[in-house]
Amino acid sequence: MKGKKYGVGFIGFGGIAQSCHLPGWKKLNDVEVLAVADPFDIARKKAQEEFGIPMVFDDYKKLLEVDEIDIVDICAHNTFHFPATVESLKAGKHVICEKPLAVSVKEVEGMIKEAKKNNRKLMAAQHQRFRKESVSTKRMIDDGVFGEIYYAIAYALRRRGVPARPTFIKKELSGGGPMFDIGVHILDLTYWFMGCPKVHSVKGVTYTKLAKRKDIKGLWGEWDRESYDVEDFASGFIRFTDGRSISLSCSFLANMEKLEDFSTTLFGSEAGLRWPDGKLTTEKKGVLQDVEIRFDTLPDVAPHHEEIRVFLECVKKDKEVPVKPEESLEVIKMLEGIYRSAETGQEMLF
Ligand SMILES: NC(=O)c1ccc[n+]([C@@H]2O[C@H](COP(=O)([O-])OP(=O)(O)OC[C@H]3O[C@@H](n4cnc5c(N)ncnc54)[C@H](O)[C@@H]3O)[C@@H](O)[C@H]2O)c1
């Protein structure tokens, strides 16, 4: 529709909404951010007074009654993604929802069903896919530079990086620890690089060895040791139906040399790459070659803004979203599988 402005409403208006999503929406000419729903007084006050958002609600269901809102951006804690998404879709809104899309396979299945029933777009905000390093790596993969990528080692490891807020360390809010918070990013990316195969089986372990200890100091602020009830380290091995596989490890706290390792190493039949900062490794005419990949010379993109721009394009042109909810379903299957396997000691078969 010519001249139409798309109305956006936020459910949850904390850190990520204010710092990354709102500036993304504000960049777009044909968008108006109309409302915020958040039970936290300070978040609502900030929305109105600092960001000039006209409507604020303490109950998200009131936001869903606003006809002018076409798109709901869900930036509340992980365990709230499911009810907020399902209700938004039922109210006829398109939904972009922060990662992880939900905290169980059952929930994601319910979300997909509702999106289909109401013919509305649904996308997880996996912004890592929109980084310049990711887009160009994917292009090289699709051009066959790596041959068949048969194995990957994905790391989302922090040495002393507990996000010191209940949103991330209380299971009732987060659904899980570093695996849901940062593992989901590197796993989604690696899985996408590998062409989104079907999961066959998952084996995993989780540990909470450091987070409850008072002698362990965080670099991201102090957290409540008492209420911390998620893992601080998790690792999993995922096999796909075509025989390819991923090894994934994630931590908020770990005794390791670097302060952070957010990377995925791709092992291909023609070449390998440690993303995002590594060299392309290959052999040509009997000679080993290490080729430096200059991602730094590509034009900068703000990945959170890019995912929002692309999502709006899909809404406007009725196109399929680039992070398909069925792909997010496989990702949550892998993550839930690691938790289940850690609990039972069994390999989970799908
Ligand atoms: N993509 C990324 O890089 C990234 C980074 C940080 C967080 N996240 C994700 O974003 C989400 C929020 O994280 P955050 O760091 O902004 O957390 P936050 O704690 O700063 O903000 C969450 C907000 O949700 C609000 N909320 C709680 N219950 C609500 C309800 N019933 N209705 C509406 N709002 C409610 C809280 O009051 C709070 O203001 C999480 O899912 C997290 O995984 C993504």
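Below: a short report on this structure. As the structure is a prediction and not an experimental result, all values here were calculated from the model.

1. A look at the nonpolar core
Residues Phe10, Phe13, Trp25, Ile238, Leu248 and Leu335 are the most contacted members of the largest nonpolar core, which totals 107 residues. A per-element tally of this core places helix H9 (residues 178–193) first, with 10 residues. Dropping the residues within four chain positions of it, Trp25 is found in contact with Val8, Phe10, Val31, Val33, Ile71, Asp73, Ile96, Ile308, Phe311 and Leu312.

2. Description of the pairing of strand S7 (residues 149–158)
Inspection of the sheet shows S7 paired to strand S11 (residues 260–268) by 9 bridges, in the antiparallel sense. From the neighbouring strand, Leu157 faces S11, where its bridge partner is Asp261. Of the strand pairs in this sheet, S7 and strand S10 (residues 245–251) are connected by 7 bridges, and their pairing is parallel. In the sheet register, Tyr155 faces S10, and the bridge partner there is Ser249.

3. Some thoughts on the side chain of Glu98
Note on placement: Glu98 falls in the loop between strand S5 (94–97) and helix H5 (105–118). Of the side chains with opposite charge, Lys99 lies nearest to the buried Glu98, which makes no salt bridge, at 5.1 Å. A distance of 2.7 Å separates the side chain of Glu98 from the side chain of His21, its partner in a polar contact.

4. Notes on the packing of helix H6 (residues 132–142) against H9
Running from amino to carboxyl end, H6 crosses H9 at an angle of 25°, the nearest separation of the two axes being 10 Å. Taken together, H6 and H9 sit at an angle that is classed as roughly parallel. Judged by residue contacts, Ser134, Thr137, Lys138 and Ile141 of H6 engage Leu189, Trp192 and Phe193 from H9.

5. Some remarks on the environment of Val86
Take Val86: it is sitting in helix H4 (residues 81–90). Remark: the alpha-carbon pair of Val86 and Val108, spanning 22 residues in sequence, is separated by 9.8 Å. Residues contacting Val86, with those up to four places away along its chain left out, are Gly110, Met111 and Glu114.

6. Points about the sheet that holds S7
Sheet strands associate in pairs through backbone hydrogen bonding, adopting either a parallel or an antiparallel arrangement. Reading across from one edge, S14-S13-S12-S11-S7-S10-S9-S8-S15 is the order of the 9 strands in this open sheet, with mixed pairing throughout. With partners counted over all chains shown, the strands left at the sheet margins are strand S14 (287–292) and strand S15 (348–349), one partner each. Where strand S9 (residues 233–240) and S10 come together, 7 bridges link them in antiparallel fashion. Across the sheet, the residue bridging to Ala234 is Cys250, located in S10.

7. Some remarks on unusual backbone geometry
Apart from glycine, the bulk of residues carry a negative phi angle, and the bulk of peptide bonds sit in the trans form. Look at the link from Lys99 to Pro100: it is a cis peptide, with omega at -15°. Note on placement: Pro100 falls in the loop between S5 and H5. Residues other than glycine seldom take positive phi values, yet Lys285 does so here, at roughly 50°. One can find Lys285 in the loop between strand S13 (279–284) and S14.

Rules of the game
Residues numbered from 1 in each chain as written. Predicted model: local features only at pLDDT ≥ 70, side-chain atom pairs only at ≥ 80, totals over all residues. Heavy atoms only, no water. Core = buried A, V, L, I, M, F, W, Y, C linked by side-chain atoms within 4.5 Å. Buried < 20%, exposed > 50% of the residue type's maximum accessible area, 1.4 Å probe, protein only. Helix = DSSP H or I, 4+ residues; strand = E, 2+ residues; numbered from the N terminus. Contact = heavy atoms within 4.5 Å. Pairing = 2+ DSSP bridges. Lys, Arg positive; Asp, Glu negative; His and termini not counted. Salt bridge = Lys/Arg side-chain N within 4 Å of Asp/Glu carboxyl O. Polar contact = N/O pair within 3.5 Å; in protein donor to acceptor, adjacent residues only side chain to side chain. Axes fitted to C-alpha atoms, helices over the stretch in contact; angles between N-to-C directions. Parallel < 35°, antiparallel > 145°, perpendicular 65-115°, else oblique.

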